[in-house]
Amino acid sequence: MKIRQFTEDQIIKLLQKGKKGEKPVEDLCREFGCSTASYYTWKKKYGDTNANEAKQLLGQNGLA
């Protein structure tokens with residue numbers, strides 16, 4: 001089984017920075033070390049959740 005590289009907290013922080021709109025998504029992803037496809041997948045999956053809500057979502061889907 002593949003180990004996830006990024007924690008839920010890191011993903012949520014990235015999404016919050018992207019939501020602020022201070023930098024382009026491509027630049028944020030480059031700094032974070034992920035692809036823009038991953039960013040948009042996480043955005044679709046987590047939306048406007050905070051770290052605790054994201055952990056609950058992962059637990060419900062059997063991913064945690």
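Residues numbered from 1 in each chain as written. Predicted model: local features only at pLDDT ≥ 70, side-chain atom pairs only at ≥ 80, totals over all residues. Heavy atoms only, no water.

1. Description of the layout of surface pockets
Taken as a whole, the second largest pocket encloses approximately 160 Å³ of empty space. Leu15, Gln16, Lys19, Gly47 and Asp48 are, among the 11 residues lining the second largest pocket, the residues nearest its centre. Element by element, the count of residues in the lining of the second largest pocket is highest for helix H1 (residues 8-20), at 5 residues. Residue classes in the lining of the second largest pocket are distributed as 3 nonpolar, 5 polar and 3 charged. (1 Å grid on protein atoms, 1.4 Å probe; cavity = no way out; pocket = protein on both sides within 12 Å on 5 of 7 lines; lining within 4 Å. Points joined across faces, edges and corners; volume = space filled by probe spheres on them. Helix = DSSP H or I, 4+ residues; strand = E, 2+ residues; numbered from the N terminus. Nonpolar A, V, L, I, M, F, W, Y, C, P; charged D, E, K, R; others polar.)

2. Some details on the packing of aromatic side chains
This structure, assessed with the given rule, holds 4 aromatic pairs. Taking 6.3 Å as the distance between ring centres and 90 degrees as the angle between the ring planes, the aromatic pair formed by phenylalanine 32 and tryptophan 42 counts as edge-to-face. Separated by 10 residues along the polypeptide, phenylalanine 32 in helix H2 (residues 25-32) and tryptophan 42 in helix H3 (residues 36-46) bring together distant segments of the chain. Between tyrosine 39 and tyrosine 40, the aromatic rings sit 5.1 Å apart at their centres with planes inclined by 85 degrees, giving edge-to-face as the arrangement. According to the relative accessible area criterion, tyrosine 39 is buried, its value standing at 2%. Owing to a relative accessible area of 43%, tyrosine 40 belongs among the partly exposed residues under this scheme. Put simply, the rings of Phe6, Phe32 and Trp42 pair up and form one aromatic cluster. (Phe/Tyr/Trp six-rings, centres within 6.5 Å; stacked < 30°, edge-to-face > 60°. Buried < 20%, exposed > 50% of the residue type's maximum accessible area, 1.4 Å probe, protein only.)

3. Quick look at H1
Between the first and last C-alpha of H1 there are 19 Å, a value that for 13 residues agrees with the 18 Å anticipated at 1.5 Å per step. Of all the positions in H1, only Glu8, Ile11, Ile12, Leu14, Leu15 and Gly18 are classed as buried. Down the axis, H1 shows its buried residues gathered within 160 degrees of arc, on one side only. Looking at H1, the residues exposed on the side facing more than 90 degrees away from the buried face are Lys13 and Lys20. Once H1 ends, the next one or two residues include glycine 21, with phi positive near 80 degrees. (Expected span 1.5 Å × (residues − 1). Arc of directions from axis to C-beta.)

4. What about the pattern of salt bridges?
Evaluated as defined, the whole model comprises 2 salt bridges. In this structure, lysine 23 and glutamate 31 form a salt bridge, with 2.5 Å as the shortest nitrogen-oxygen distance. Relative accessible area serves as the criterion here: at 39%, lysine 23 is assigned to the partly exposed category. (Salt bridge = Lys/Arg side-chain N within 4 Å of Asp/Glu carboxyl O.)

In short, the description is geometric, and any link to function would need to be established separately.
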